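Single-letter residue listing:
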Amino acid sequence: MGRLSQLFAPETVAVVGATDREGAVGRAILENLRDDFAGEVVPVNPNREAVLGMTCYPDVASAPSVDLGVVVVPPPIVVDSVRELGEAGVRNVVVITAGFGETGSEGAARERDLRSVADEFDLNLVGPNSLGVMNTAVDMNATFGPENALEGSVSFMSQSGAFITAVLDWANDQGIGFRDVVSLGNKTVLDETDFVREWGDSEETDVIIGYLEGIDDGRDFIDTASEVTDETPIVLVKSGRTEAGASAASSHTGAIAGSERAYETGLEQAGVLRAASVQELFDYARALSGLPVPETDGVAVVTNAGGPGVLTTDAIGDSGLDMASFTDETIDALAEAMPEEANVYNPIDAIGDADVERFDEALDIALSDPNVGAAVVVSAPTAVLDYADLAEVVIERTAEYGKPVVTSMMGGARSRAAEETLRESGIPNYFDPARAVSGLDALSTYRDISERSVGEPATFDVDRERAREILERARDRDDNRLGVESMDLLEAYGIPTPHGEIVDDPGDAREIAAEIDGDVVMKIVSPDISHKSDIGGVAVGVADADVPDTFEDLVARARNYQPDARILGVQVQEMLDLEASTETIVGMNRDPQFGPLLLFGLGGIFVEILEDTSVRVAPIGEQEAREMVDEIQAAPLLRGARGRQPADVDGVVETVQRLSQLVTDFPAILELDINPLVAGPEGVQAIDLRLTVDTEALE
């Protein structure tokens, strides 16, 4: 039993603000509870002695013991009503009333007061601005929606109350049931992570689904969901797919890793299956709630119609699944069992006159093949095929082989009875074969999620105090930005940098160059000039004798380009062999919801052109860092494609982890780019650095 068990399965529910006035929300909630709830309903209203034939109490203190309080009073008295519930010992509260943070400053202040009262009494509070909650096990509909949910094993949360009413109306028509339903509202106290945690501990919830517009604490959500998805799949529709958040970013990383990509990455790390539409949300949920996961990705297709069979094959090709390659024994068995005109290779076309017996034989033979992990039965209605009998065959073979089978019994009224029979056994039927494949694909994806293991982040021996001293320099900058003059920050965290220094005098530049073997690289150092190479602010292969003149040239070009730019000096740096190396980028952008968003990819001048990057939410361990390196399209360059010497990939992986530790240790770092991080056969070197620091967050 979880912390929120009484929220969803109370014995007594009080409706604070109950009324019999026609059209009132308080009446709608009371009627929904009165009509179906297995427990006791307690109306509370000081202006009524009875409501809808039930005794009405002036306050909660005078009412019988209450497990759940549903508050539907005017906004100005909500906080006082919730306080009375807390004083009466009620720990579970749903605030239906709107007029809080969503309405402006006055509502926001009211919401802060509400949170304070909830904290004082340790309340499990849903809302405000919530449609309410449902639980089908006790027939509780504590909402003002027009529909009760059917009983099932899917628990559903939504940030939109209107979305819930629309979904329930559709789900009831489709015969889809639920366990718990909650309208999150403003999420003043309880949010999506609380319900994921609760339902993850519930044996009665097989699948968690939801509609979210945002996630309040991305890191907490990732940590919680990662644990839950070991046993319980989570499928979400996340609205607000936008890159608008990236437009305000000043770093390469911030520009590439916008708000939508942060959600995409965070949800993937959490093990959440993300649906693109409501239809896909329920296609996934129907498969995940009733079918076993496939052991392999090979899918067999059994059909009596060539066209739909080809559509199914195309859908499998577009998914993460494979068309199963039948063994010779399977092909021989099918050839013996099927008519001569039938296709015995995958997809199995049992041809148009196939009856139930022929479908049964084909499905039986296909499921017995060790290369088949799942099957799709696609059927068009004919005079010789009884869908009800076909449904029974599918149920029997699914139970016999323990492999997931989905159906696409195409048609209208003819398929409805069979669809209901299949649903009772947990087998979904889809009109569109592509949707059937989508359901199987979700099962396969969830199998991989539940089997994955992610190691703990490594902790390196670093000089945190030195790093803090360097970050403190940002206090002296108008825009809180630091650049290559702060390369010591990377050295403090064990990230290699080439030998070199920043100087403000041509003579000093020559002295530094003399200490470095061979020619050097020289770069203008200015926090106001981001793209140094674009203005001629970088000189490569400078001989010692040419260093003083090059110093003067670089400063002059910077002055001509931007007269008011702050010139801190010129960096004189060891020149690396870039011919045998690959320029990469390692960076971080701090997302408002998920925190430090790490980025790795092809770097140098190509970073914003090709955008060949991978992203993770920090902190991460070695496995995730290595996956980041492997995911980019340029990964073969690092591993020695076309005769190149392999780069030190382990050094890259370690650098990503060290950066993960740095940005986790210092939440004050808002953005950071190491570009390029040169990866060669002999190791990695960070060549350039830019970062932005929130000095008020420095501890």
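Structure shown above.
Residues numbered from 1 in each chain as written. Predicted model: local features only at pLDDT ≥ 70, side-chain atom pairs only at ≥ 80, totals over all residues. Heavy atoms only, no water.

Student: Now, about the packing of helix α10 (residues 278-290) against helix α16 (residues 433-451): what can you tell me, with residues and values included?
Tutor: In contact at an axis separation of 8 Å, α10 and α16 are set at 60 degrees when each is read in the N-to-C sense. Judged by the twist between their axes, the crossing of α10 over α16 is right-handed. Contacts between α10 and α16 involve Gln-279, Glu-280, Asp-283, Tyr-284, Arg-286, Ala-287 and Leu-288 from the first element and Arg-435, Ser-438, Gly-439, Ala-442, Leu-443 and Tyr-446 from the second. Looking at the contact of α10 with α16 residue by residue, the classes come out as six nonpolar, three polar and four charged. (Axes fitted to C-alpha atoms, helices over the stretch in contact; angles between N-to-C directions. Helix = DSSP H or I, 4+ residues; strand = E, 2+ residues; numbered from the N terminus. Left-handed = near helix turned anticlockwise from the far one by under 90°. Contact = heavy atoms within 4.5 Å. Nonpolar A, V, L, I, M, F, W, Y, C, P; charged D, E, K, R; others polar.)

Student: Tell me about the packing of aromatic side chains, residues and numbers included.
Tutor: Overall, the coordinates contain 10 aromatic pairs when judged by the stated rule. Geometrically, the ring pair formed by Phe-178 and Phe-282 is edge-to-face, given 6.1 Å between the ring centres and 90 degrees between the ring planes. Taken together, the positions of Phe-178 in strand β12 (residues 177-178) and Phe-282 in helix α10 put the pair 104 residues apart, joining distant regions of the chain. Taken together, the aromatic side chains of Phe-156, Phe-163, Trp-170, Phe-178, Tyr-211 and Phe-282 make up a single cluster linked through ring pairs. (Phe/Tyr/Trp six-rings, centres within 6.5 Å; stacked < 30°, edge-to-face > 60°.)

Student: I'd like a rundown of the sheet that holds strand β2 (residues 40-44), residues and numbers included.
Tutor: The parallel open sheet is built from five strands, whose spatial order is β2-β1-β5-β6-β7. The sheet is open, and its two edges are formed by β2 and β7 (124-126), each paired on a single side. Pairs of neighbouring strands in the sheet enclose a mean axial angle of 20 degrees, with direction left out of account. As defined by bridge partners, strand β1 (residues 12-16) adjoins β2 across five bridges and the pair is classed as parallel. Following the sheet pairing, Val-16 is matched in β2 by Val-44. (Pairing = 2+ DSSP bridges.)

Student: Give a detailed account of the pattern of salt bridges, specifying residues and quantitative values.
Tutor: In the structure shown here, the tally under the stated rule is 37 salt bridges. With a shortest N-O distance of 3.0 Å, Glu-260 and Arg-274 are connected by a salt bridge. Note that Glu-260 is positioned in helix α9 (residues 259-269) and Arg-274 in strand β16 (residues 273-274), a separation of 14 residues in sequence. With respect to burial, Glu-260 and Arg-274 carry one shared label: buried. Two residues, Asp-673 and Arg-690, come together in a salt bridge whose shortest N-O distance is 3.7 Å. With Asp-673 in strand β30 (residues 669-680) and Arg-690 in strand β32 (residues 689-693), this residue pair connects regions lying 17 residues apart in the sequence. In this structure, a network of salt bridges that share partners links the residues Asp-360, Asp-364, Arg-397 and Glu-400. (Salt bridge = Lys/Arg side-chain N within 4 Å of Asp/Glu carboxyl O. Buried < 20%, exposed > 50% of the residue type's maximum accessible area, 1.4 Å probe, protein only.)

Student: Account for the environment of Leu-125, with residues named and values stated.
Tutor: Among the structural elements, Leu-125 can be located in strand β7. In sequence terms Leu-125 and Thr-313 are 188 residues apart; their C-alpha atoms lie 48 Å from each other. Setting aside anything within four residues of it in sequence, one finds Leu-125 in contact with Val-82, Val-93, Val-95, Leu-114, Ala-118, Val-189 and Leu-190.

Student: Can you break down helix α11 (residues 306-318) residue by residue, with the values?
Tutor: For α11, which comprises 13 residues, the first-to-last C-alpha distance of 19 Å matches the rise-based estimate of 18 Å (1.5 Å per residue) to within 8%. By the burial criterion, the buried members of α11 are Pro-308, Gly-309, Thr-312, Ala-315 and Ile-316. Buried residues in α11, looked at end-on, bunch into an arc of 120 degrees, giving them a common side. Residues of α11 that are exposed and angled more than 90 degrees away from the buried face: Leu-311, Gly-317 and Asp-318. On its buried face, α11 is in contact with β17 (298-303), β18 (322-323), β20 (374-379) and α16. (Expected span 1.5 Å × (residues − 1). Arc of directions from axis to C-beta.)

In short, geometric facts, not functional conclusions.
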